[in-house]
Amino acid sequence: LYSHVVFLFFFFSLFSLWLRGPASMLALVSCSATALVLSPARRAGNLQMLAVEEFAISKEIKSVRVFDGEYADDICDEVAAAARACIAEKGSFSLCIPGGSVVAALAQMPADAFDASKVHLFFANEKIPSYPCKEGGLDAAKKLGVPEANVHAFGEGEPAAVAESYSSLLASHASIDNSGAVPSVDMLLLGTGPDGHVGCLFPDSAEIKASRAGKVVLAGNDARADGDFVAISLDVMNAAKCVIVSAAGAGRAEMVAKALAGNFGPFDCPAGLVEAEEETLWFTDKESIAVFDEFADIEDEDELEEE
């Protein structure tokens, strides 16, 4: 089965062309999210550069891991590795968490996995006024040994005011990279719903449609979130250095197939729109990947028939 679904890098070699002068050179003229395109640069002087073949190099967009059963330990392994690397590099680790089973998996983290005093926990979303994510985050922090002062939960108040205050926090905290247009945490954990929602960004909602607007934290009201909520935007999700998207169980199989195959509209599958700055990891199991496997098998058969 497909243990990894990746767009692989193709390797290429270049040879020198000597024409009565310095060696020919290639110039990088454009770079997109999925490919690099190379074209010849003009040589100084009157000699015209000889054309070389144009080709593309693909970039890994999503890496998919399929597990035979629970994978809480594997989530812990990824978080621990990232925490150690970031603490060694910059003295802190910013981890943004949701609620539910994904954050509960952190309870299995070994006590000596990393220096918990250097970890800062932030939140991807929160329901107001019940604040279940804050409760789950404080419980996880206690088990990890993260100081309560390093748990940065959403404050109380009207959703719009809470969103504004949290936006300011993310945009100013020392553990978060703010060199770009929006805050970039070191790692983001996300759960998914069968409908494809992540955090409190639901399909075809005003909040998911606010993507690419540079918003940091959004305030909304949706029956699917049991009313008022606040949530980081898709822009912030995609600015994270690494994102782990968790999607287990047969109930998510249709959504996983849609998200990984790209068979969705502009806003009807938020999970499929998540693409971290450096690495996007999808954690699935045999049940949740089954429909995608069927789709991939059909695609393979069609390609063979065309050949």
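Scroll up to find the structure.
It should be emphasised that the depicted structure is a prediction, and the values quoted were computed from it without experimental measurement.

K.L.:
Would you mind going over the overall build of the chain in detail, with residue names and values included?
P.N.:
When helices and strands are tallied, the chain shows eight helices and 12 strands. In the chain, which comprises 307 residues, the proportion classed as buried is 46%. Long-range pairs, those at least 24 residues apart, make up 72% of the contacts in the chain with a sequence separation of at least 6. Accessible surface for the chain amounts to roughly 15800 Å². Of this, 53% is attributable to carbon and sulfur atoms.

K.L.:
Outline the sheet that holds strand S10 (residues 227-232), listing residues and values.
P.N.:
The antiparallel open sheet is built from three strands, whose spatial order is S7-S10-S9. What marks the edges here is a single partner per strand, and that holds for strand S7 (125-127) and strand S9 (217-222). Averaged over all adjacent pairs, the angle separating strand axes in this sheet is 20°, with direction ignored. Where S9 lies against S10, six bridges are found, and the strand directions are antiparallel. Bridge assignment links Ala219 to a residue of S10, and that residue is Val230. Helix H4 (residues 159-172) contacts S9 and S10 of the sheet and is inclined by roughly 155° relative to S9.

K.L.:
Please give an account of helix H7 (residues 253-261) that cites residues and values.
P.N.:
Side chains three or four residues apart in an α-helix point the same way, a direct result of the helix having 3.6 residues per turn. Of all the positions in H7, only Ala253, Met255, Val256, Ala257, Ala259 and Leu260 are classed as buried. Taken from the residues just after H7, Gly262 is the one with a positive phi, measuring 80°.

K.L.:
I'd like to hear about the nonpolar core, residue by residue, with values.
P.N.:
Counting residues in each nonpolar core, the largest one holds 86 residues, and the members touching the most others are Phe93, Leu106, Leu188 and Trp282. The greatest single-element share of this core, amounting to nine residues, is contributed by helix H1 (residues 72-90).

K.L.:
Talk me through the side chain of Ser92; I want residue IDs and the actual numbers.
P.N.:
Along the chain, Ser92 turns up in the loop between H1 and strand S5 (93-97). For Ser92, a relative accessible area of 10% gives the class buried. Excluding its chain neighbours within four sequence positions, the residues that come into contact with Ser92 are Cys86, Ile87, Lys118, His120, Ser175 and Asp186.

K.L.:
So what's going on with the packing of aromatic side chains? Residues and values would help.
P.N.:
In the structure shown here, the tally under the stated rule is four aromatic pairs. The interplanar angle of 40° and the centroid separation of 5.1 Å between the aromatic rings of Phe67 and Tyr71 together place this pair among those described as tilted. Just as Phe67 is buried, Tyr71 falls in that class too. Seen from their ring centres, Phe67 and Phe283 are 5.1 Å apart, and the 55° between their planes marks the pair as tilted. In this pair, Phe67 is assigned in strand S4 (residues 63-67) and Phe283 in strand S12 (residues 279-285), connecting sequence segments 216 residues apart. The buried category is assigned to Phe283, whose relative accessible area is 0%. One aromatic cluster is present, formed by Phe67, Tyr71 and Phe283 through successive ring pairs.

K.L.:
Please provide a residue-by-residue account of empty space enclosed by the protein, values included.
P.N.:
Scanning the model with the defined rule gives one cavity of 30 Å³ or more in all. In this structure, the largest cavity spans a volume of roughly 40 Å³. The wall of the largest cavity is formed by Cys96, Leu170, Val185, Leu188, Ile232 and Val236.

K.L.:
An account of a negative patch on the surface is requested, with residue identities and associated values reported.
P.N.:
The grouping of Glu60, Glu277, Glu278 and Glu279 at the surface amounts to a negative patch. Along the polypeptide, Glu60 turns up in the loop between strand S3 (56-58) and S4.

K.L.:
For the environment of Pro98, give the residues involved together with the corresponding values.
P.N.:
Here Pro98 is to be found in the loop between S5 and helix H2 (101-104). As for Pro98 and Leu189, which are separated by 91 residues in sequence, their C-alpha atoms are 6.5 Å apart. Apart from the residues within four sequence positions on either side, Pro98 is in contact with Val103, Ala124, Asn125, Cys133, Leu189, Leu190 and Gly191.

K.L.:
Can you lay out unusual backbone geometry for me, pointing to particular residues and giving the numbers?
P.N.:
The linkage connecting Ile128 with the following residue, Pro129, adopts the cis geometry, with an omega of 15°. Of note in the backbone geometry, Tyr131 takes a positive phi value of approximately 50° without being a glycine. Note that Tyr131 resides in the loop between S7 and helix H3 (132-144). Despite not being glycine, Arg212 shows a phi value in the positive range, around 70°. Turning to its location among the elements, Arg212 is positioned in the loop between helix H5 (206-209) and S9. Since its relative accessible area comes to 73%, Arg212 is described here as exposed.

Definitions and limits used
Residues numbered from 1 in each chain as written. Predicted model: local features only at pLDDT ≥ 70, side-chain atom pairs only at ≥ 80, totals over all residues. Heavy atoms only, no water. Helix = DSSP H or I, 4+ residues; strand = E, 2+ residues; numbered from the N terminus. Buried < 20%, exposed > 50% of the residue type's maximum accessible area, 1.4 Å probe, protein only. Contact = heavy atoms within 4.5 Å. Areas by Shrake-Rupley, 256 points an atom, 1.4 Å probe, with all protein chains shown as cover. Pairing = 2+ DSSP bridges. Axes fitted to C-alpha atoms, helices over the stretch in contact; angles between N-to-C directions. Core = buried A, V, L, I, M, F, W, Y, C linked by side-chain atoms within 4.5 Å. Phe/Tyr/Trp six-rings, centres within 6.5 Å; stacked < 30°, edge-to-face > 60°. 1 Å grid on protein atoms, 1.4 Å probe; cavity = no way out; pocket = protein on both sides within 12 Å on 5 of 7 lines; lining within 4 Å. Points joined across faces, edges and corners; volume = space filled by probe spheres on them. Patch = residues over 30% accessible without salt bridge, like charges linked within 9 Å, V, L, I, M, F, W, Y side chains within 5 Å. Salt bridge = Lys/Arg side-chain N within 4 Å of Asp/Glu carboxyl O. Lys, Arg positive; Asp, Glu negative; His and termini not counted. Charge placed at Lys NZ, Arg CZ, Asp CG, Glu CD.

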